[in-house]
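A closer look at the structure
Each chain is listed here by its residues.
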Amino acid sequence: MIEVRVEQPIERIIDHSIYPRQALADARQAYKEYCIFKVSPMSHGRAAIQIQVKPAQVADTRQIVLEFFNYALDRAVQIQLSKS
Amino acid sequence: MTSSLFSEAVKITTDPLGQYVSICIDTTVYGRVAVFKTVYWFTDQYYVLLQKAEPESNDLRVELRLKSEADSDILEQAGGEFLNRLLDQQVRQDVLIETANIRDYLVKKAFFEGTMHSDPDHLLSDESHISTADQSASDDPLKIGRETGAPS
């Protein structure tokens, strides 16, 4: 397993036409024990999401952050495909 | 796909979270549903992030990362595998749309026949040949006990 220690928050810009707000809310709920989130709305239906892994889990930053995005993507796909 | 087209679509890049393969998807070729279904399958083996290629563009960009040790050869293979699966999924979507009418027709027909069968008159079997109380097996009105092959 790759160990990445990132002390600074990791920021990603996501598009709500891909990741609905519900998908992000579900992912944040699932990972609230491991991370602190800050979401800032942007233009064109986008949002900047900052993820700061809590000090106790900082050694697993990469895994936690990327698992968070996988979880959000899984929920996003379920929501998007249920609409279509 | 030629190698130049492949290298245009698939690029190996690095950021603070490690090495990843970035795949550009032209949404005029691949529909969003096909993309969503493909990325869903890849979250099992890879870390996947789906983004718009540009804020005002409809094109998409997929980032694939290995869950274990990063290796650029494996990442490039993963990019190729992703594009193959995406093409496969798009063909499935096209076939799904092309055959939607006949599929609906078959489902309607199956359910229509089901409603016919729920009528009790259609459910009753023909029991006219079952012997009644005043008949005996020894009467053999249908000559079932007759030896076959023997001269009559």
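Structural data are supplied above this passage.
Residue indices begin from 1 for each chain and proceed along its sequence in written order. Chains and ligands are labelled sequentially in the order written, the chains with letters from A and the ligands with numbers from 1. The predicted nature of this model means local features are confined to residues of pLDDT at least 70 and side-chain atom pairs, given and counted, to a pLDDT of 80 or more, with totals for whole chains, interfaces and linings taken over all residues. By convention in this description, side-chain values take in all heavy atoms of the structure and omit both hydrogens and water.

With that settled, the discussion passes to the overall build of chain B. Assigned secondary structure in chain B consists of 5 helices and 4 strands. Starting at the N terminus, the α and β elements of chain B follow one another as α-β-β-α-β-β-α-α-α. We take the radius of gyration over the C-alpha atoms and set the globule estimate at 2.2 Å times the residue count to the 0.38 power. Here the C-alpha radius of gyration of chain B, 32 Å, is well above what a compact globule of 152 residues would show, namely 15 Å. In terms of overall dimensions, chain B has a C-alpha envelope of 95 × 35 × 30 Å along the principal axes. When contacts within chain B are restricted to residue pairs at least 6 apart in sequence, those whose partners lie at least 24 apart make up 53%. For the charge count, each Lys or Arg is scored as positive and each Asp or Glu as negative, with His and the chain ends excluded. Where a charge lies is defined by one atom per residue type, namely NZ (Lys), CZ (Arg), CG (Asp) and CD (Glu). Computed over 14 positive and 26 negative side-chain charges, the inter-centroid distance for chain B is 4 Å. Runs of H or I in DSSP of at least four residues are treated as helices and runs of E of at least two as strands, each being numbered from the N terminus. Between two residues, a contact is recorded if the distance between any of their heavy atoms is within 4.5 Å.

To continue, consider the nonpolar core. A:Tyr19, B:Leu50 and B:Leu64 are the most contacted members of the largest nonpolar core, which totals 50 residues. Excluding residues within four positions of it along the chain, B:Leu64 makes contact with B:Tyr20, B:Val21, B:Ile23, B:Phe42, B:Tyr46, B:Tyr47, B:Val48, B:Leu75, B:Ala78, B:Gly79 and B:Phe82. In these notes, a set of buried Ala, Val, Leu, Ile, Met, Phe, Trp, Tyr and Cys residues joined through side-chain atoms within 4.5 Å is what counts as a nonpolar core. Note on classification: 1.4 Å probe, protein chains only; a residue is buried when its accessible area is under 20% of the maximum for its type, exposed when over 50%, partly exposed between these limits.

Time to look at the packing of helix H1 (residues 21–31) of chain A against helix H2 (residues 61–83) of chain A. Residues and elements named next belong to chain A. Between H1 and H2, the shortest axis-to-axis distance is 8 Å and the interhelical angle comes to 140°. As summarised for this structure, H1 and H2 are arranged oblique, according to the angle between their axes. Of the two possible hands of crossing, H1 and H2 adopt the one that is right-handed. Between H1 and H2, the contacting residues are Gln22, Ala23, Leu24, Asp26, Ala27, Arg28, Ala30 and Tyr31 on the first element and Ile64, Glu67, Phe68, Tyr71, Ala72, Arg75, Ala76 and Ile79 on the second. Only Asp, Glu, Lys and Arg are considered charged in this grouping, and only Ala, Val, Leu, Ile, Met, Phe, Trp, Tyr, Cys and Pro are considered nonpolar; every other residue, Gly among them, is considered polar. Residues of the contact of H1 with H2, tallied by class, amount to 11 nonpolar, 1 polar and 4 charged. Convention adopted: a line fitted to C-alpha atoms gives each axis, helices being fitted over their contacting stretch, and angles between N-to-C directions are expressed from 0 to 180 degrees. Angles below 35 degrees are treated as roughly parallel, those above 145 as roughly antiparallel, those between 65 and 115 as roughly perpendicular, and all remaining angles as oblique. The hand of a helix crossing depends on one turn: near helix anticlockwise from the far one by less than a right angle means left-handed, and clockwise means right-handed.

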